[in-house]
Amino acid sequence: MLTPAQQKVKQELEELQAAGRFHHKAQQEFHAPQPSSLKKWMLPLVGMLLILLLVVMYLFHSNQSETVAYLVKEQHLYQQSEKLLNETLYEKPVDYQEAKMKQIQLWKKLSELDSPSRLHDHKIDLLDVMEQQQEVLIYLTASKNIDSATLNQKMIELQVRQELAFDSLRTALERDKFKYETLEDGAVRYWVYSKIYTY
């Protein structure tokens, strides 16, 4: 049994403990726990990653736009060159000298066209194709009697160079992550922003 003095001390201790618990609970309710240092840095880190992702996507799309713009110009020159050669070969009468000069002008325009660095190899291959087309025209211009075997040899060389040019185009499209397919006639169809291009 406790003496009245001990009971009073015990009662005061219990009251102090109860008040301390109340005070501690009140502090927890009024003061939110401080986030850990990982949580403090998580939001800015996620924000920086999103900004970086947007920058990368912008650069990727601008690279694709630059590639498409170049390929459209290049294709226009190449189609003119092909048309000129086909007209020279299959339509009579033809001024071979004039056709040869036009072909040289088309080759110069293509060589002066600024290509993205990732398409440099393809441009060189296409210039080789156009040089072979010039060679066919030079042969037709210089020959009074056209030897079909020699002409066939030059046309086979032209086909080989065309295949190399299309191979380098496909390689460049793969490297730049373009979606593309090769058609039965050898043409290349590629997609950019849901738009279809055929080369």
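Residues numbered from 1 in each chain as written. Predicted model: local features only at pLDDT ≥ 70, side-chain atom pairs only at ≥ 80, totals over all residues. Heavy atoms only, no water.

Peer 1: Describe the pairing of strand 2 (residues 188-192), listing the residues and the values that go with them.
Peer 2: Side chains Val-188, Tyr-190 and Val-192 project from strand 2 onto a buried face, and the interleaved Arg-189 and Trp-191 project onto a face without burial. For strand 1 (residues 179-182) and strand 2, the ladder comprises 4 bridges, and the chain directions are antiparallel. Residue pairing in the sheet places Thr-182 in a bridge with Val-188 of strand 2. Counting the residues that bridge the hairpin from strand 1 to strand 2 gives 5 residues, and of these Gly-186 lies at a positive phi of roughly 95°. The pairing of strand 2 with strand 3 (residues 195-198) spans 4 bridges and is antiparallel. (Buried < 20%, exposed > 50% of the residue type's maximum accessible area, 1.4 Å probe, protein only. Helix = DSSP H or I, 4+ residues; strand = E, 2+ residues; numbered from the N terminus. Pairing = 2+ DSSP bridges.)

Peer 1: An account of the nonpolar core is needed here, citing residue identities and associated values.
Peer 2: Formed by 35 residues in total, the largest nonpolar core has its most connected members in Leu-71, Leu-110, Leu-140, Tyr-190 and Tyr-199. Taken together, the elements giving at least two residues each to this core come down to helix 2 (37-90), helix 3 (96-112), helix 4 (120-142), helix 5 (148-175) and strand 2. The residues contacting Leu-110, other than those within four sequence positions of it, are Tyr-70, Glu-74, Leu-77, Lys-123, Leu-126, Leu-127 and Met-130. (Core = buried A, V, L, I, M, F, W, Y, C linked by side-chain atoms within 4.5 Å. Contact = heavy atoms within 4.5 Å.)

Peer 1: Please set out a nonpolar patch on the surface residue by residue, giving values where relevant.
Peer 2: Judged by side-chain polarity, Ile-156, Val-160 and Leu-164 come together as a nonpolar surface patch covering roughly 260 Å² of accessible area. Here Ile-156 shows up in helix 5. (Patch = residues over 30% accessible without salt bridge, like charges linked within 9 Å, V, L, I, M, F, W, Y side chains within 5 Å. Areas by Shrake-Rupley, 256 points an atom, 1.4 Å probe, with all protein chains shown as cover. Salt bridge = Lys/Arg side-chain N within 4 Å of Asp/Glu carboxyl O.)

Peer 1: Please set out the packing of helix 3 against helix 4 residue by residue, giving values where relevant.
Peer 2: Interhelical geometry of helix 3 versus helix 4 gives an angle of 170° and a closest axis separation of 9 Å. Judged by the inter-axis angle, helix 3 sits roughly antiparallel to helix 4. Relative to helix 4, the crossing made by helix 3 is left-handed. For the pair helix 3 and helix 4, contact is made by Tyr-96, Gln-97, Ala-99, Lys-100, Gln-103, Ile-104, Leu-106, Trp-107, Leu-110, Ser-111 and Glu-112 and by Lys-123, Leu-126, Leu-127, Met-130, Glu-131, Gln-133, Gln-134, Leu-137, Ile-138, Leu-140 and Thr-141, respectively. A class-by-class count of the residues in the contact of helix 3 with helix 4 yields 12 nonpolar, 6 polar and 4 charged. (Axes fitted to C-alpha atoms, helices over the stretch in contact; angles between N-to-C directions. Parallel < 35°, antiparallel > 145°, perpendicular 65-115°, else oblique. Left-handed = near helix turned anticlockwise from the far one by under 90°. Nonpolar A, V, L, I, M, F, W, Y, C, P; charged D, E, K, R; others polar.)

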